[in-house]
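Listed here are the chains, written in short residue letters.
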Amino acid sequence: MILGVNYMAWRWLFSVNWSAAWISVPLVIVETYSLIDAFLFGVTMWKLRVRDTPPAPPEDLTVDAFITTYNEPISLVMTTALAASRISYPHKTWILDDGARPAMKRAAENAGIGYITRSPDWENHPRHAKAGNLNNALAATQGEFLLILDADQVPEPEIVHSMLGHFNNEKVALVQTPQWFHNVTDEDILGSQAPLFYGPIQQGKDGWNAAFFCGSNAMIRREALMQIGITGYVQGVRTTVQQTLKAADKVITKARAEHAATGPHVNRALNDVGQAVRSARKELHENKPVANVTYDFQRKVDAASKSIVTVDVAALLADLDEIARLSRDGGTGAYIGDDVIDRLARRDWSPIGAIESVREMVQALDVDRSEEALPVMPMATNSVTEDMATCMRLHTQGWESVYHHEIQAKGLAPEDLRTMLTQRLRWAQGTMQVFLRENPLLQRGLSLGQRLMYFSTMWSYLSGFAAVVYIAAPIIFLCFGVMPVDAFSVDFFARLIPFLVMNQMLFFVAARGRKTWRGQQYSLALFPVWIKACTTAAANVLFGRDLGFAVTPKTRQDGGPPWSLIRPQLVAIAALVVAAVTGLVRMFTGLGAPAGTLVNIAWVVFDLLILSVIIRAALYKGFTPTEGVENSGI
Amino acid sequence: MEFDVELSGPEGAVIRVSGRLNMVSAPKLRDLVTHIVHGDGRSHLVVDLAGTDFVDSSGLGALIAGLKTARSAGGDLRIARAGTQVTMVLELTGLDRILQSHDSVEECFQ
């Protein structure tokens, strides 16, 4: 760490080549980025926690096992569901079928496994993908603890016994086990296994009480989820009410302008609603409870509505009298009572509803969250990676999480590049959504360590921008002789090399013989994915653009090598090769300085080694099971 | 909300309502009826409600006001093909005794 700061300080103060600032400044910035990344990694490793086997759980807890599915093959889901039903701890198994497929229902019923689809509440409401699926099931079940499994994650019979004991500590809300894939060879071309993450990184986060929830192979305490659901509900209502009140004057002014000619009715109604808005705002400002503020507001709108209906009815009765006089049969005897007036004034028939924008505004100023299917959404719905967002809320409320380092379920990894890229993009997008919507650095209730642990993961997804600079810098030097640093001097290496060595040693020690090279390659080689994730997530959060939610296919997608998916990487590879050749030519013709050229050639070779994985991934033909490896159902 | 007017015979007209008959659109219907009765001299009116699924107290008021206008000019206003919500409101207010919905526009002219 000290070595890193020493190097970076020297880089900023003495070595930036200001005459070529356009490349040297970006380079020193991304080097600083990498140093911070290394620092965050060091912080993670600092508190690495290897847990002992937990105590045995009590035998009388109630457990629901949820298997989430949308469109995975039925045989695959059933393999997982049957394995789940064989879990030895007493429990109930449920298939959460978001595709509502009749064949899935039949298969579940034949096997005596619970089957849940969305309730009618969800019609015409946002579905929130997997988070919505889980929230729907939470409302339909009662177990004190939930085991969550993706459709392909086949659990061991002992899974619940091995995890449940952690909940003897009543502050524990979540226990996460590793995700491990059985359809992956030792080489793991697509980089599916994450031995560094499901190992030292999670253990390090665990040390800071920030072990992550990763969406599957985890157990959750229902009470904790419900608590964050209710907290989220209260906050959601407050935010909606505040935002609506803020925009209300505009809505009313606009409505008044548009409907000025419609008649005194409308003007009076708008005046009344406007008055109700002003007093609601005042009450909220005085910190009255939102429930009271909205209740008062709704009562005032009801009164305004009733006064319109009363005037309408009075005019109508007068007209009827007139009609009766015309026909001379002595009155119609028409009478409209108070109860009828009340009915005509109720929200669904209220004349105020005639102005759409005002109707929506009135509806939003209530505590029923009518814009959502369920008022209480325990699983966070503000990100496509609901797991991370939910976990952070649990930590914010003071709950603890546990990383249980024992493989208790085995799943299926993507078998082709396209599927793998979709999956990585979604993870990165979701993470950046959380970063932009609920920045962990600003969350009250999180400890400093927890903030850094969440921030660390988000920070790492910015690496796409750094990769571009790391690839561009040697190309620019080799082709044009532009030096991003003042000198490739003794001074430079004396500072850089100790830092690099220490950094790699930390990595090596942390990995303890695990295969981490694949992960390192992909963190750089997928730079277009990370950049796209950052830009789309920003467009989504800031401008409300659609992100698109892709369900990762669990079966292989066919077709030839998908070169078009990795065009940026191919362009980068070509440019690096051309640059290396150009650089050598320049050196031998005496144009380029030998030291600089050789350093940069080495740099290019390193970049190429990293990027080469993407070509192998594109050529990857999928997993062929070898003896002793079970290929489950596809 | 839109109103289509179709002339029928020397004294009749059909007003086809599409959209919601509510506080915003009701005054337009009122004006339209006045215009047809006093401007064009047609006082036998049919309001075809097949295209509307909602009426509120203001809409109801416009129908009765139209009835008054037509009657005072010696004609009548009848309604046809009212939907579920409209029928419900008419029954609730007891106005179904005065404005009974007919099954078709033709039936209204018989």
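Residues numbered from 1 in each chain as written. Chains lettered and ligands numbered in written order. Predicted model: local features only at pLDDT ≥ 70, side-chain atom pairs only at ≥ 80, totals over all residues.

Caption draft 1: Here's a closer look at the overall build of chain A. If you tally the helices and strands in chain A, you get 21 helices and ten strands. Reported as C-alpha extents along the three principal axes, the dimensions of chain A are approximately 115 × 65 × 50 Å. Across the 634 residues in chain A, those meeting the buried criterion constitute 43%. Pairs at least 24 apart in sequence give 82% of the contacts found in chain A among residues at least 6 apart. (Helix = DSSP H or I, 4+ residues; strand = E, 2+ residues; numbered from the N terminus. Buried ≥ 20, exposed ≤ 12 C-beta atoms within 10 Å, placed from the backbone. Contact = placed C-beta atoms within 7 Å.)

Caption draft 2: Main features of the overall build of chain B. Looking only at helices and strands, chain B has four helices and five strands in total. Walking chain B from its N terminus toward its C terminus, one meets helices and strands in the order β-β-α-β-α-β-α-β-α. Scaling as 2.2 N^0.38, a compact globule of 110 residues should have a C-alpha radius of gyration of about 13 Å, and chain B matches this with 12 Å. If one aligns the C-alpha atoms of chain B with their principal axes, the spans along those axes are about 35 × 30 × 20 Å. Looking at chain B residue by residue over its 110 residues, the buried ones come to 49%. Taking as baseline every contact in chain B between residues at least 6 positions apart, the subset at least 24 positions apart corresponds to 71%. (Rg over C-alpha atoms; globule rule 2.2 N^0.38 Å.)

Caption draft 3: Quick look at the nonpolar core. In terms of nonpolar packing, the biggest core is built from 119 residues, with F66(A), I67(A) and L147(A) touching the most fellow members. Of the residues that make up this core, three or more belong to each of domain 1 (2-46 + 458-619) and domain 2 (63-230 + 374-413) of chain A. Contact partners of L147(A), with chain neighbours within four places excluded, come to V63(A), A65(A), F66(A), I159(A), V160(A) and M219(A). Core analysis: the next-biggest nonpolar cluster, separate from the first, contains 71 residues, L245(A), A280(A), A354(A) and V37(B) among them. (Core = buried A, V, L, I, M, F, W, Y, C linked by C-beta atoms within 7 Å. Domains from an automatic or database assignment.)

Caption draft 4: Just the environment of S88(A), in detail. All names here are of chain A. By the secondary structure assignment, S88 is in the loop between α3 (74-85) and β2 (92-97). Overall, the presence of 11 C-beta atoms within 10 Å leaves S88 in the exposed class. Distance in space between the C-alpha atoms of S88 and P178 is 20 Å, their sequence separation being 90 residues. Those residues in contact with S88, other than ones at most four positions away along the chain, are P157, E158 and H161.

Caption draft 5: Just the confidence of the model for chain B, in detail. Looking at chain B, pLDDT values average 92 and 99% of them are 70 or higher. Across the predicted assembly, pTM comes out at 0.77 and ipTM at 0.92. (pLDDT = per-residue confidence, 0-100.)

Caption draft 6: Representation of the environment of V541(A) in the model. Residues and elements named next belong to chain A. Note on placement: V541 falls in helix α19 (residues 527-543). A tally of 18 C-beta atoms within 10 Å means that V541 is categorised as partly exposed. Along the primary structure V541 and S383 are separated by 158 residues, whereas in three dimensions their C-alpha atoms are 9.6 Å apart. When residues no more than four places from it in sequence are discounted, the contact partners of V541 are Q433, L436 and R437.

Caption draft 7: Up close: the packing of helix α8 (residues 222-258) of chain A against helix α12 (residues 356-364) of chain A. All names here are of chain A. In the contact formed by α8 and α12, the axes pass within 10 Å of each other and the chain directions differ by 160°. In terms of orientation, α8 and α12 fall into the roughly antiparallel class. In the crossing of α8 with α12, the sense of the turn from one axis to the other is left-handed. Along its contact with α8, which presents T240, T244, A248, V251, I252, K254 and A255, the element α12 presents S357, V358, M361 and A364. When grouped by side-chain class, the residues that make up the contact of α8 with α12 number seven nonpolar, three polar and one charged. (Axes fitted to C-alpha atoms, helices over the stretch in contact; angles between N-to-C directions. Parallel < 35°, antiparallel > 145°, perpendicular 65-115°, else oblique. Left-handed = near helix turned anticlockwise from the far one by under 90°. Nonpolar A, V, L, I, M, F, W, Y, C, P; charged D, E, K, R; others polar.)

Caption draft 8: The arrangement of the pairing of strand β1 (residues 2-8) of chain B in detail. Residue and element names in this part refer to chain B. Little of β1 sits inside the fold, with zero of its seven residues counted as buried. The sheet contact formed by β1 and strand β2 (residues 12-18) spans seven bridges and is antiparallel. When the bridges of β2 are listed, E2 appears paired with S18. Counting the residues between successive antiparallel strands, the hairpin from β1 to β2 contains three residues, one of them, G9, with a positive phi of roughly 65°. (Pairing = 2+ DSSP bridges.)

Caption draft 9: Up close: the sheet that holds strand β5 (residues 101-102) of chain B. Residues and elements named next belong to chain B. Pairing is mixed in the open sheet, where five strands are placed in the order β1-β2-β3-β4-β5. Since the sheet does not close on itself, it has two edges, and those belong to β1 and β5, each with one partner. The sheet strands contacting helix α1 (residues 26-39) are β1, β2 and β3 (44-51), and the helix crosses β1 at an angle near 20°. Its contacts with the sheet place helix α2 (residues 57-72) against β3 and β4 (76-80), and it is angled at close to 140° to β4.

Caption draft 10: Highlighting the confidence of the model for chain A. Chain-level pLDDT for chain A is 88 on average; 94% of the residues reach the 70-or-more range. Highest mean pLDDT in chain A belongs to strand β8 (residues 218-221) of chain A (98); lowest belongs to helix α17 (residues 490-511) of chain A (73).

Caption draft 11: Seen up close, unusual backbone geometry. All names here are of chain A. Notably, A100 is not glycine yet its phi reads approximately 45°, a positive angle. Among the structural elements, A100 can be located in the loop between β2 and α4 (102-110). Taking the C-beta count within 10 Å as the criterion, A100 has 12 such neighbours and is therefore assigned exposed. Positive phi, close to 65°, is recorded for N287, a residue that is not glycine. Inspection of the secondary structure assignment puts N287 in the loop between α9 (264-285) and α10 (290-327).

Caption draft 12: Main features of the sheet that holds strand β5 (residues 154-155) of chain A. Sheet architecture is open: three strands sit in the order β5-β10-β7 (chain A), paired in mixed fashion. Edge strands, defined here as strands with exactly one partner in the open sheet, are β5 and β7 (180-181) of chain A.

Caption draft 13: Quick peek at the interface of chain B and chain A. The interface of chain B with chain A comprises 19 residues on the first partner and 27 residues on the second. Among the elements of the structure, α2 and α3 (84-93) of chain B are those that each provide at least two residues to the side of chain B that touches chain A. Ranked by residues supplied to the side of chain B that touches chain A, first place goes to α2(B) with ten residues. In the side of chain B that touches chain A, the residues fall into nine nonpolar, seven polar and three charged.

Caption draft 14: Quick look at the packing of α3(A) against α4(A). All names here are of chain A. Interaxial distance between α3 and α4 falls to 10 Å at its minimum, and their mutual angle equals 30°. One way to sum up the angle between α3 and α4 is to call them roughly parallel. Crossing of α3 over α4 shows right-handed handedness. Taking contact as the criterion, the partners of I74, V77, M78 and A81 in α3 are, on α4, A103, M104, A107 and A108. Partitioned by chemical class, the residues of the contact of α3 with α4 number eight nonpolar, no polar and no charged.

Caption draft 15: Inspection of the domain arrangement of chain A at higher detail. Each assigned domain of chain A is listed here: domain 1 (2-46 + 458-619), domain 2 (63-230 + 374-413) and domain 3 (260-354). With centres defined by C-alpha atoms, the gap from domain 2 of chain A to domain 3 of chain A works out at 50 Å.

Caption draft 16: Just helix α15 (residues 448-460) of chain A, in detail. Residues and elements named next belong to chain A. Compared with the 18 Å implied by 1.5 Å per residue over 13 residues, the 18 Å span of α15 between its first and last C-alpha is a close match. Within α15, the full set of buried residues consists of Q450, L452, M453, Y454, S456, T457 and M458. Those residues of α15 that are buried lie in contact with α2 (21-46), α7 (197-207), α13 (386-396) and α14 (417-437). (Expected span 1.5 Å × (residues − 1).)

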